[in-house]
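# What the coordinates show
Now for the letters of each chain:
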Amino acid sequence: MLVKEFQNNLAYARQMDEKDELKKYRSQFHLPVQKSGEPFVYLCGNSLGLQPKATEAMLQQELLDWKNLGVEGHFEAKNPWMPYHGFLTRAMAKVVGAKPIEVVVMNTLTVNLHLMMVSFYRPESKRKKILIEADAFPSDKYAVESQIKFHGLSSKECLIELKAREGETCLREEDILDAIDTQGEDIALVLLGNTNYYTGQYFNMKKITEHGHAKGCKVGFDCAHGAGNVPLNLHDSGCDFAVWCNYKYLNSGPGSTGGAFVHERHANNKDLPRFTGWWGHIKETRFKMRDAFEPSPGVEAWQLSNPPILAMAAVWSSLKIFEEIGMEKLRKKAISLTGYLEYLVNTLGNNAIHIVTSSDPNQRGSQLSIQVKNTDRKIFDQITENGVIADWREPDVIRVAPVPMYNSYEDVFKFYTILKTALQAN
Ligand SMILES: *Cc1c(COP(=O)(O)O)cnc(C)c1O
């Protein structure tokens, strides 16, 4: 959408909402409410997505079947628990652009990251290093460091943390590719966030994967901030694995089950080292309980335990909405809605404000990270008091994510007026 089409007034925002083909979905979510009874302007779906109204009934169904059927629910429940994880696969595969055999909902993000590194971080001789971003999410960094240590190696020797250039906040894609091209022979694993949690920057996974593979590295992505936000096309990207959580853009509730992708090319490789559990065993003989482990085809082989059905029900409930709308329409609205936010923030003409996130829609999702210079948390507390739920990152960044599934242009406009007032008061 061209910036010149946007207008800086409430009537325009409302008019955009009126024309929005996804407007009916807002009413399918619970919006947190302020003391005054007014809903908050919720721009924090990148941290915790809102609850779909349908989720309660999905959970009630499983509670009811457990109540009435006990263990028989594994086969007799309305949605039998034995094959339950499989009910989520097709829709999840569509969200992340993968084939069903490449996708599973299981465990949580950091657990999945460890499981994937067990299989795909195999340091040997000269090739021992892991390439990550210097501002990777702390959990990812801890996981990576502990894996390096687990192999008897040291982070000092084996961890490459790629920094943005002096005076810049976002990593340049060319610098990532250059690091891979020049140091690739020492790198066992390239592990990047596909959308950076801090800057909102969204990387070209296909290009990075091609460069990594050309040098013989394995390539994995943390899609915590990408899944349900940007088109991922995981299969076409060619990356070896990806992991994500489902409680951010995927609206599946706090700490809910995560997701994992392993490329089809590894689907039938029984020799891949991995940590295993009974749920990864082929389902035909899983309950014989005696056979040696025989991996399921595809990423299901990495499952450990029988899944938490109550958490899975919440994931399924949300996926039904994603399946109904499709990522294409969500992405289209996201580009426009985030563009509107950017336009409004820029009209403030305030030198203290700097949008850290790229101004290129192809390099960002729904999130803008707005740096407010020469200030402290006070400004954030003030916008919170005035009815906005967003996210503050020390020392001076407000992360704001208008989510196309339930946020409106009016939300974005309200945020802008509240931010403007707060800036004037500071
Ligand atoms: C949200 C997030 C996590 C959180 O990990 P959990 O295991 O789900 O607690 C990890 N990494 C990134 C990049 C994230 O954005």
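Residues numbered from 1 in each chain as written. Predicted model: local features only at pLDDT ≥ 70, side-chain atom pairs only at ≥ 80, totals over all residues. Heavy atoms only, no water.

### Some points on the pairing of strand S15 (residues 397–400)
Residues Val397 and Arg399 line one face of S15 and the alternating positions Ile398 and Val400 line the opposite face, and both faces are buried. Bridge count for strand S12 (residues 368–372) against S15 is 4 bridges, and the pairing is antiparallel. Bridging from a neighbouring strand, Ile370 pairs with Ile398 of S15. Strand direction decides the pairing type here: strand S14 (residues 391–393) and S15, joined by 3 bridges, are antiparallel. For Asp391, the partnering residue across the bridge sits in S15 and is Arg399. (Buried < 20%, exposed > 50% of the residue type's maximum accessible area, 1.4 Å probe, protein only. Helix = DSSP H or I, 4+ residues; strand = E, 2+ residues; numbered from the N terminus. Pairing = 2+ DSSP bridges.)

### Comments concerning the sheet that holds strand S11 (residues 353–355)
One open sheet accounts for 4 strands, arranged S11-S12-S15-S14; its pairing is antiparallel. Every other strand in the sheet has two partners, leaving S11 and S14 as the edge strands with one partner each. The average undirected angle you get between the axes of adjacent strands in this sheet is 30 degrees. As paired strands, S11 and S12 are joined by 3 bridges and run antiparallel to one another. Within S12, the position partnered with Ile353 by the bridge is Val372. (Axes fitted to C-alpha atoms, helices over the stretch in contact; angles between N-to-C directions.)

### Details of the domain arrangement of the protein chain
Under the domain assignment, the protein chain is made up of domain 1 (3–52 + 326–424) and domain 2 (83–323). For domain 1 versus domain 2, the separation of C-alpha centres amounts to 29 Å. The interface is formed by 32 residues belonging to domain 1 together with 26 residues belonging to domain 2. Between domain 1 and domain 2 the total buried area reaches about 2,300 Å² when both faces are included, carbon and sulfur atoms providing 58% of it. Summed over the three residues of domain 1 that lose the most area to domain 2, namely Met327, Val356 and Met405, the buried surface amounts to 22% of that side. Along the contact surface separating domain 1 from domain 2 lie 0 salt bridges. Sorting the residues of the side of domain 1 that touches domain 2 by element identifies helix H13 (327–347) and S15 as the ones contributing at least two each. Among the elements that make up the side of domain 1 that touches domain 2, the one with the highest residue count is H13 (3 residues). (Domains from an automatic or database assignment. Contact = heavy atoms within 4.5 Å. Buried area = accessible area lost by both parts, 1.4 Å probe. Salt bridge = Lys/Arg side-chain N within 4 Å of Asp/Glu carboxyl O.)

### Concerning a nonpolar patch on the surface
Together, Leu63, Trp66 and Leu310 give the surface a local cluster of nonpolar side chains, amounting to about 300 Å² of exposed area. On the basis of relative accessibility, which here comes to 38%, the residue Leu310 falls in the partly exposed class. (Patch = residues over 30% accessible without salt bridge, like charges linked within 9 Å, V, L, I, M, F, W, Y side chains within 5 Å. Areas by Shrake-Rupley, 256 points an atom, 1.4 Å probe, with all protein chains shown as cover.)

### A few points about the site of the ligand
Taken together, Leu109, Thr110, Phe137, Asp140, Asp222, Ala224, His225, Tyr247 and Lys248 make up the full set of residues adjacent to the ligand. One of the side-chain nitrogen or oxygen atoms of Asp140 is found 2.6 Å away from a nitrogen atom of the ligand. Contacts to the ligand include Asp222, whose side-chain N or O atom sits 3.2 Å from a nitrogen atom. Expressed as a share of its isolated accessible area of 390 Å², the protein-covered part of the ligand is 83%. Looking at the shell around the ligand residue by residue, the classes come out as 4 nonpolar, 2 polar and 3 charged. (Near = heavy atom within 4 Å. Polar contact = N/O pair within 3.5 Å; in protein donor to acceptor, adjacent residues only side chain to side chain. Nonpolar A, V, L, I, M, F, W, Y, C, P; charged D, E, K, R; others polar.)

### A word on H13
Here H13 contains 21 residues, and its C-alpha end-to-end distance of 30 Å stays within 8% of the 30 Å for a straight helix at 1.5 Å per residue. The element H13 is extensively covered by neighbouring structure, given that 15 of its 21 residues are classed as buried. Downstream of H13 by one or two residues, Gly349 has phi in the positive range, about 55 degrees. (Expected span 1.5 Å × (residues − 1).)

### As for the pattern of salt bridges
The tally for this structure, following the rule as stated, stands at 22 salt bridges. Notably, a salt bridge pairs Lys24 with Glu324, separated by 4.0 Å at the nearest N-O pair. Taken together, the residues Lys24 in the loop between helix H1 (10–19) and strand S1 (29–30) and Glu324 in helix H12 (residues 309–325) connect sequence positions 300 residues apart. Its salt-bridge partner being Arg364, residue Glu342 comes within 3.0 Å of it at the nearest N-O pair. On the criterion of sequence distance, the pair formed by Glu342 in helix H13 and Arg364 in the loop between S11 and S12 is long-range, its members being 22 residues apart. This pair shows no difference in class: Glu342 is buried, exactly as Arg364 is. Salt bridges sharing common partners tie together Arg14, Glu410 and Lys414.

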